[in-house]
Structures are given as structure tokens and as C-alpha cells.
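If you want the building blocks of each chain, they are given just below.
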Amino acid sequence: MKPTRLFFLDAVRAFAILMMLQGHFIDTLLDPIYRDTTNTIYNIWAYFRGITAPTFFTITGLVFVFLLLKAKEKGTEKARIKKGINRGVLLIVLGYALRFSFISLMNGKVNMNFLQVDVLQCIGLSLIILIVLYKVSFKNEWLLATLFLIIGFGIFVSEPLYRSLNLENIPILFANYLSVRNGSVFTIIPWFGYVAFGGFIAVLFSKFGHKNNYKTFKIIGFLIIGLLLILYSSIALIKLDQLFNIPLFTKSANYNYLFSRLGNVLVLFGIFYAFESLLKQAIITKIGQKTLSIYVIHFMIIYGSFTGISLKHFFYKSLTPTQAIIGAILFIILVCFISFYYVKTNTYVYKKITRFYNKLKSK
């Protein structure tokens, strides 16, 4: 029987959300004088913090496409597609809501910074794009996998072309999804590239995931391919330039963070997949099932969504390393406690929001 849930992904997602919590806390509140790039500990922290977003986006593609292919086998793909579209739209709306200043609105002003695109909008749009690609591929899994590979590789390699993209003549609402010039944190390019590679992995798991005797090979595959991307992707890009005389490959190699970060993600997958049997009932997988509520709660506490009261307001870039570390630990405990005891699972939250959304549509 094919698996309906990849438990190791919950663990990876939990790792990523915890890294995000401490990363946002320390990055927002640590005094800049302690951001010493010659300090080994700081560099290790910065490096691992950089893995968080690539992990989230890769898992987004992997989980959604995997569940979509499972739904296809069961004959419930229409419901899954409808759910995916609704979820995508809801995430986009929620992303804007978290940045909207109701305090400014009460004072008769609208802070247009809320149009900046962050992780929720990017993930929401990514879900919709995945559905479009599924339709375009005529539901052929190998064609879909090929599309994912081409799109992922194309987005990563062409990064130098849109790195400083400026879209002055396009409405800011749309430009913010492609350019960081107006303060967007996550744009659809390059981040959809990770989603696409996650979708490719999902197709492989759908085809071979039920064959347990392949698990060792899959773990080794994650680790080897991940290490190759980390250590040799830049060299490979330069070789491609030499072979096909396409300078874009070398330009990409000279600022190669996308492929190397993908390598980090694959190594994480390999490590957590190796210990999957130990993680099925662990608290870390339960944390991985509450990522949406944890994200919303942490955003409200650090950045003051809805209330205007936040840690950033009181302690912005003022903490010492010791204070930041202790504070981050306490912050993680507090957010997880609230999420576990006062908020239900992601699915529960989505259902409540969807029910409210459907009521609005019916009026």
C-alpha cells in the first residue's frame, strides 16, 4: 500500500519553523554591533538561518504535489484542486492581513507597505501555479516532473537576469511578486524554483515511495545529490558555460546560493528520512503540523500584526547575544505553547478560515 503521509517531512517542517522563530527573533532584536561576520558562531547561525526558507518552499511543492497525485489515484483530484486553490487564495489574503496596519487605518491613513510580498503570499501563489502546471501537463506524471525540472533549473540559472529587476511601469501590487525594489521579502522568482524541485521529488515519491526496499537508496540519493550541489554546483555551471558557450551559467555560478541551498535542503531530507521511524510519534512532527498557526502567532508577537504592540517596538536591535539567545528560547517555548494549547492544527485553522471565506462569498 502506498503511503498517504511522509512523516519525515513533518519533522523537517518543524525544524524549519523552529529555525524561523529563533532566526526572526535574533535578527530583529540583536544589536547590530554583534553582527560580526568574522565570528564563527555568528556565521554558523547565519548559514543555518539561510536554510529555512528554501526548506519551506521545497516542502510546499513536495507535499502539495504528492497529495495531489494521491488524490488522482483515489479519484478525488477535483476536491484536492479546489482545496488547493482556496488555500492559495487564503494564504495570499492572510499574508496581506498580517502586514496591514489597522492602527494607521484608525488614524485615517493606509500604510501601503502592506502590499509587500512575504512568505504566505509567495506560497499561496505557488500552490495556484502548481495546479496550473498539473493541468498543463495533462495529468501525465512524467511530463509534470519534466516541467518541474525545467522550470526549477531555469529559474535558478537565470537569477542574474532578474536579481535587480525594476518594474516601475507595472502596478506595485503585481510588481512586488517579481521585484524586491519595494521591500518584498519573498518574490515568486527565485522561490518558486524550490517549489518546482519539491514537486519533482513528489513525483518520484509517488512512483517509488511505496517500495520500502528503496528507502536506503532514497536516503543515500538525498545525501549524495545534496552534497554534490553544495560542493560542485558552481563548478558544474562553469563547465556548462564552457561546453555550450552560454555566459549566463558562469554569472549564475559566481553568485550561486540557489543550487547550494537546495543541496542543504536535500541533505536535511536525507537525515530526517533516515530517522523517520523514530519521529512518527515525536512532538517535533506535531509542531510540523502547526506551522501556519505558529507563523501567525510569531508574526503578531514580533511585528505587532493587528495590535501594533510588538517585541520589535520595545527591543528593536537592542539585545546582547546572551539576551538574544535566552530570549529566542523563551520565545520558541511561548509560541509553541500558545499554538499547542490555544490553537488547533493547520487543517483546523484552514477549515475555519475557509468557512468564513465561504460565508463572505455567499453574501
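Nothing here was measured: the structure is a model prediction, and the numbers come from that model.

**Structural notes on the packing of aromatic side chains**
- Taken as a whole, this structure holds 27 aromatic pairs when the rule is applied.
- Taking the centre distance of 4.5 Å and the plane angle of 35 degrees together, the rings of F8 and Y273 count as tilted. Of this pair, F8 sits in helix α1 (residues 7–29) while Y273 is found in helix α13 (residues 258–274), placing the two residues 265 residues apart along the sequence. For the residue pair F8 and Y273, the accessibility class agrees, reading buried in each case.
- Chaining the aromatic ring pairs together yields one cluster made of F57, F153, F156, F186, W191, Y194, F197, F249 and F259.
- Here the basic side chain of R261 rests over the ring of Y47, its NZ or CZ set 4.5 Å away from the ring centre.
- The aromatic ring of F340 is capped on one face by K290, whose charged end is 5.5 Å from the ring centroid.

**Describing the side chain of D241**
- As for its placement among the helices and strands, D241 is situated in helix α11 (residues 215–244).
- As a buried residue without a salt bridge, D241 has its nearest oppositely charged side chain in K251, at a separation of 9.3 Å.
- In terms of polar contacts, D241 uses its side chain to reach the side chain of T250, at 2.4 Å.
- For D241, the residues in contact, after removing those within four places along its chain, are I246, P247, F249 and T250.

What counts and how
Residues numbered from 1 in each chain as written. Predicted model: local features only at pLDDT ≥ 70, side-chain atom pairs only at ≥ 80, totals over all residues. Heavy atoms only, no water. Phe/Tyr/Trp six-rings, centres within 6.5 Å; stacked < 30°, edge-to-face > 60°. Helix = DSSP H or I, 4+ residues; strand = E, 2+ residues; numbered from the N terminus. Buried < 20%, exposed > 50% of the residue type's maximum accessible area, 1.4 Å probe, protein only. Lys NZ or Arg CZ within 6 Å of the ring centre and 35° of its normal. Lys, Arg positive; Asp, Glu negative; His and termini not counted. Salt bridge = Lys/Arg side-chain N within 4 Å of Asp/Glu carboxyl O. Polar contact = N/O pair within 3.5 Å; in protein donor to acceptor, adjacent residues only side chain to side chain. Contact = heavy atoms within 4.5 Å.

Geometric values such as these leave the question of function open.
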